[in-house]
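An overview of the molecular structure
Each chain is listed here by its residues.
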2 protein chains.
Amino acid sequence: MNIQEFAELTQISAHTIRYYEKIGLLRNINRNSSGHRAFTKNDIVWTDFIKRLKDTGMSLQDIRRYADLREEGEHTAKLRMQLLQAHTKILEERIAIETLHLQKLKEKIKFYDTLIID
Amino acid sequence: MNIQEFAELTQISAHTIRYYEKIGLLRNINRNSSGHRAFTKNDIVWTDFIKRLKDTGMSLQDIRRYADLREEGEHTAKLRMQLLQAHTKILEERIAIETLHLQKLKEKIKFYDTLIID
DNA sequence: GCTTGACTTTGAGTATGCTCTAAGTTGTAG
DNA sequence: CTACAACTTAGAGCATACTCAAAGTCAAGC
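Residues numbered from 1 in each chain as written. Chains lettered and ligands numbered in written order. Predicted model: local features only at pLDDT ≥ 70, side-chain atom pairs only at ≥ 80, totals over all residues. Heavy atoms only, no water.

Moving on: the pattern of salt bridges. Should the charged atoms of two oppositely charged side chains come close, the side chains can pair. Going through the model one piece at a time under the given rule, you end up with 16 salt bridges over all chains. A salt bridge links Arg65(A) to Asp62(A), with the nearest nitrogen and oxygen atoms 2.6 Å apart. Taken together, the residues span about one helical turn, with Arg65(A) and Asp62(A) both in helix α4 (residues 60–72) at a distance of 3 residues. You can call Asp62(A) partly exposed: its relative accessible area is 32%. Residues Asp68(A) and Arg64(A) are paired through a salt bridge, measuring 3.3 Å at the closest nitrogen-oxygen approach. A residue pair is termed a helical-turn pair when its members lie 3 or 4 positions apart in one helix, as Asp68(A) and Arg64(A) do in helix α4 at 4 residues. Exposure remark for Arg64(A): the relative accessible area of 34% places this residue in the partly exposed category. Linked by salt bridges that have partners in common, Arg94(A), Glu98(A), Arg94(B) and Glu98(B) make up one network. (Salt bridge = Lys/Arg side-chain N within 4 Å of Asp/Glu carboxyl O. Helix = DSSP H or I, 4+ residues; strand = E, 2+ residues; numbered from the N terminus. Buried < 20%, exposed > 50% of the residue type's maximum accessible area, 1.4 Å probe, protein only.)

Here we come to the protein's contact with DNA strand C. In the vicinity of DNA strand C, 19 residues are found, and the nearest of them are His15(A), Tyr20(A), Ser34(A), Gln4(B) and Arg37(B). Backbone sugar and phosphate groups make up 75% of those atoms of DNA strand C lying within 4 Å of the protein. Take Tyr20(A): an N or O atom from its side chain is 2.6 Å from a phosphate oxygen of DNA strand C. Ser34(A) has a polar side-chain atom sitting 3.2 Å from a phosphate oxygen of DNA strand C. Broken down by secondary-structure element, the contributors of at least two residues to the surface near DNA strand C are α2 (14–22) and α4 of chain A together with α1 (3–10) and α2 (14–22) of chain B. (Near = heavy atom within 4 Å. Polar contact = N/O pair within 3.5 Å; in protein donor to acceptor, adjacent residues only side chain to side chain.)

This is the structure:
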């Protein structure tokens, strides 16, 4: 599929997709005879994973490091798993903090509620 | 207290504190006879609240709008409460999404685990 | 009274993650 | 065969949130 279809499916702009390729997040994207990018289903799977890492607060630089390891092959699988484990730990901590923040905000709202009578 | 003590207590650099004042997050900071900022306990309470909003993903611009309303006085209390309610909703949604991401990452780790035997 | 150190201001510089522009190429439709 | 839309690249520009630099002020200690 071409870049527009891929952009549609992944919900990432064509600009950003090219940018992701430029900084090494996307690799080995096929090209057709006219030099246009030809994306595959595998590219979608990988891109969705990039989105997941990004949405959970991983920097593009760190995602790129993961992509580097992926490129190096099977022998880096254990290391990649460890990186993912470290990341889930950070994520768990963030969810815990956000849950606390949420509770505090709700307390503040409750306090506002006692002040406002109308 | 001076800016260094305040920076220590709030865990925000003096640079950033001045920046926050410049963009209107901090207001009416007292000054001593030499023109140096003299922070109060109230400033700490408000700054901690700024941190909470920021840590839950609110932009400095939106925090500034909240600060504007706060400055306008009591009659904006209801509106501020509504802004906070809207923000808690966004936060709840984000926590839900992150929890899903966490689950998916753990599934991927489990999958790595079946691949790696050593 | 002069040095020292912490403060002050204005404005410039930086990192991240896009986002867009300019100039050019290619493939299909009329 | 030419117009046109969609692609290509390199590189500039932008928003956010800092972060720092330069030049100056001020109070306390020697």
